[in-house]
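Coordinates in review
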Amino acid sequence: MQSLISISDLSKTYASGFVALKNVNLDIRKGEILALLGPNGAGKTTLISIICGLVNPTSGTVRVDGHDIIKDFRKTRAMIGLVPQELTTEVFASVFTTMVYSRGLFGKKPSPQYIEKILRALSLWDKKDSPINELSGGMKRRVLIGKALAHEPKILFLDEPTAGVDVELRKDMWTLIRQLQTDGVTIILTTHYIEEAEEIADRVGIINHGEIIVIEETSELMRKLGKKQLILELHKKLESLPADFDIPNLEASADGMQLIYTYDIHMDRTGITALLSRLSEKGIRFRDLDTKQSSLEDIFVTLVGNNQS
Amino acid sequence: MNFQAIKVIYQFEMLRMWRTLFQSVFSPILSTSLYFIVFGAAIGSRIQSIDGIAYAAFIVPGLIMLMLLTQSVTNAAFGIFFPKFTGAIYEVLSAPLSFFEIVLGYVGAAATKSILLGVVILTTARLFVSFEIAHPMWMIVFLVLTGITFSLFGFLIGIWADNFEKLQLVPLLVITPLTFLGGSFYSINMLPPFWQTVTLFNPVLYLVSGFRWSFYEVADVSVGISLSVIFLFLCLCLFGVWWVFKTGYKIKT
Ligand SMILES: Nc1ncnc2c1ncn2[C@@H]1O[C@H](COP(=O)(O)OP(=O)(O)OP(=O)(O)O)[C@@H](O)[C@H]1O
Ligand SMILES: [Mg+2]
């Protein structure tokens, strides 16, 4: 697929001397949804801010549709819409006014119809005359999305779009993002949660300490990382597993009060049914059960481990 | 040029003035009226005319300048400081806009406001005292040039300030004293020679003097010098803006 944004050898050292990005190389494909996954302080916002022109890079280049983001900033910025991480808006202006403003800033002729369409899509139409400071946090987040879309961008950056957003709104947001993708918009979003990346993204880039550790198709990544653990709390302490209990990936905890079974969620047969029926055959009873997905930390350990081996 | 953007920034800023109509228009009118009552009517009635002009009329140009300077600076400073403070500036910075266009929008709006206000105060003054304007065209030139220059200056202050104290510091500690000591309420000929010389270092003197000349054809310094000083200050501010643009000072990391 064609690359729409190509980032090469991009580094950023802040005035404080802190190195936020180290030689980042990344190609973002036209029409994809890319999730940038990484813990706090990884450099996600810095990366996005450079592409959008809010932060000057220390070295390296970024091209958007073949145009350099500094030399040809008018062309590149006109293509990009940004939804920032923080809820930052003009306080007193009405929702509709602020949308008109955003569209104009990007040099587009006014189009009340288009703005109406966006506000309706974001369920904000009935709030169009409300001052922004009278909206709830989730509504403000939607206003920010609306502002970013007001100039019909080809590329949309969403910096942690789900922070402070309830389940319902999150679902709507994913629907909207998929719709935008269908309309040909390339979408880059950041998140702290692997589940979110899995749900929405075509590809996932994992970033840590200013470096892109891995960039991969979501399905491929999930296959590699899709390990889950089933934890069974036992009724009675188990001295050892019965000798003929030949189930792979099953371990007893050190205190003998838990059985831990590791399985792959993407396998046709996870082996859970077999495990549970064997347990009841043997009369091993359990009080409670729990499952645990690999956390972001586990993933880093796995990935960094793999990289080094 | 992204004219659409300049237009929306300008409109958005003007809209803010309507929203805060009371603060931005009525309070300057009120304070000017108070000056007229205190200086013009109460004290002025005991002061003989200066250079053949009744005292109440004499202070009109100075009062307009006082308002024009403080309003230009505070309007422009606040206009850019506020989005910086709320973070909403991100949108302007991520738009396909050069710094020049950003300045045109913000400074254009601030200058418009303060010039309009100058006209409003002129009209208010006319209710209290009668005066003639000898050179209306020059009066407008001084009004517009000063409004633009000091709005640029205010814009720079708004960029520089990173808290509310700093934002108020310059208008309060620099502009107001300089205007009071710059011959707004007196002719410098009334001062002892030493203080006359000191006053010549006050740039506001030249603005007030030139502006007053356009009303009454009397001036503390020659009109040519007044105009040159405004131009010099305008160039300094433009240079400052250019430098901010060049270095991204306090707006880009
Ligand atoms: N203006 C700045 N000056 C100095 N250091 C900065 C500045 N902005 C960010 N940093 C540092 O750069 C690093 C990366 O920050 P960044 O905001 O890009 O992280 P992030 O991945 O977006 O984190 P989060 O998930 O918390 O939003 C952090 O350690 C941060 O402290
Ligand atoms: Mg961030």
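In the block above lies the structure referred to throughout.
Residues numbered from 1 in each chain as written. Chains lettered and ligands numbered in written order. Predicted model: local features only at pLDDT ≥ 70, side-chain atom pairs only at ≥ 80, totals over all residues. Heavy atoms only, no water.

A word on the pattern of salt bridges. Residues and elements named next belong to chain A. Taken as a whole, this structure holds twelve salt bridges over all chains when the rule is applied. With a shortest N-O distance of 3.0 Å, Arg29 and Glu217 are connected by a salt bridge. Residue Arg29 is found in strand E2 (residues 19–29), and its partner Glu217 is found in strand E10 (residues 211–217); the two are separated by 188 residues along the sequence. According to the relative accessible area criterion, Glu217 is partly exposed, its value standing at 35%. The partner of Glu196 in a salt bridge is Arg170, with the nearest N and O atoms 3.1 Å apart. Taken together, the positions of Glu196 in helix H7 (residues 194–200) and Arg170 in helix H6 (residues 167–182) put the pair 26 residues apart, joining distant regions of the chain. Judged by its relative accessible area of 27%, Arg170 falls in the partly exposed class. (Salt bridge = Lys/Arg side-chain N within 4 Å of Asp/Glu carboxyl O. Helix = DSSP H or I, 4+ residues; strand = E, 2+ residues; numbered from the N terminus. Buried < 20%, exposed > 50% of the residue type's maximum accessible area, 1.4 Å probe, protein only.)

All names here are of chain A. Sheet topology places strand E1 (residues 3–13) next to E2; seven bridges connect them, and they run antiparallel. The partner of Ile5 across the bridge, within E2, is Ile28. The antiparallel pairing of E1 with E2 creates a hairpin that spans five residues between the two strands, and Gly17 there sits at a positive phi of about 95°. (Pairing = 2+ DSSP bridges.)

A word on the pairing of strand E9 (residues 203–208) of chain A. All names here are of chain A. Most of E9 is tucked away: six of the six residues are buried. A two-sided burial pattern is seen for E9, the buried positions comprising Arg203, Gly205 and Ile207 on one face and Val204, Ile206 and Asn208 on the other. Examined bridge by bridge, strand E3 (residues 33–37) and E9 share four bridges and lie parallel to one another. Across the sheet, Ala35 pairs through a bridge with Val204, a residue of E9. Relative to E10, E9 runs antiparallel, the two being bridged by six bridges. Each bridged residue has a counterpart across the sheet, and for Gly205 the counterpart in E10 is Ile215. The antiparallel pairing of E9 with E10 creates a hairpin that spans two residues between the two strands, and His209 there sits at a positive phi of about 45°.

With that out of the way, let us pick up empty space enclosed by the protein. Evaluated as defined, the whole model comprises six cavities of 30 Å³ or more. Empty space within the largest cavity amounts to approximately 100 Å³. Forming the walls of the largest cavity are 14 residues, and the residues nearest its centre are Glu90(A), Tyr101(A), Ala88(B), Glu91(B) and Val92(B). Looking at the lining of the largest cavity element by element, the count peaks at three residues for helix H4 (residues 89–94) of chain B. Put simply, the second largest cavity is a space of about 50 Å³. What lines the second largest cavity is simply Leu82(A), Phe106(A), Lys147(A), Ala148(A), His151(A), Tyr90(B), Glu91(B) and Ser94(B). Of all the elements in the fold, those that place two or more residues in the lining of the second largest cavity are helix H5 (137–149) of chain A together with H4 of chain B. Among the elements that line the lining of the second largest cavity, the one with the most residues is H4(B), at three residues. For the lining of the second largest cavity, the residue count by class is four nonpolar, two polar and two charged. (1 Å grid on protein atoms, 1.4 Å probe; cavity = no way out; pocket = protein on both sides within 12 Å on 5 of 7 lines; lining within 4 Å. Points joined across faces, edges and corners; volume = space filled by probe spheres on them. Nonpolar A, V, L, I, M, F, W, Y, C, P; charged D, E, K, R; others polar.)

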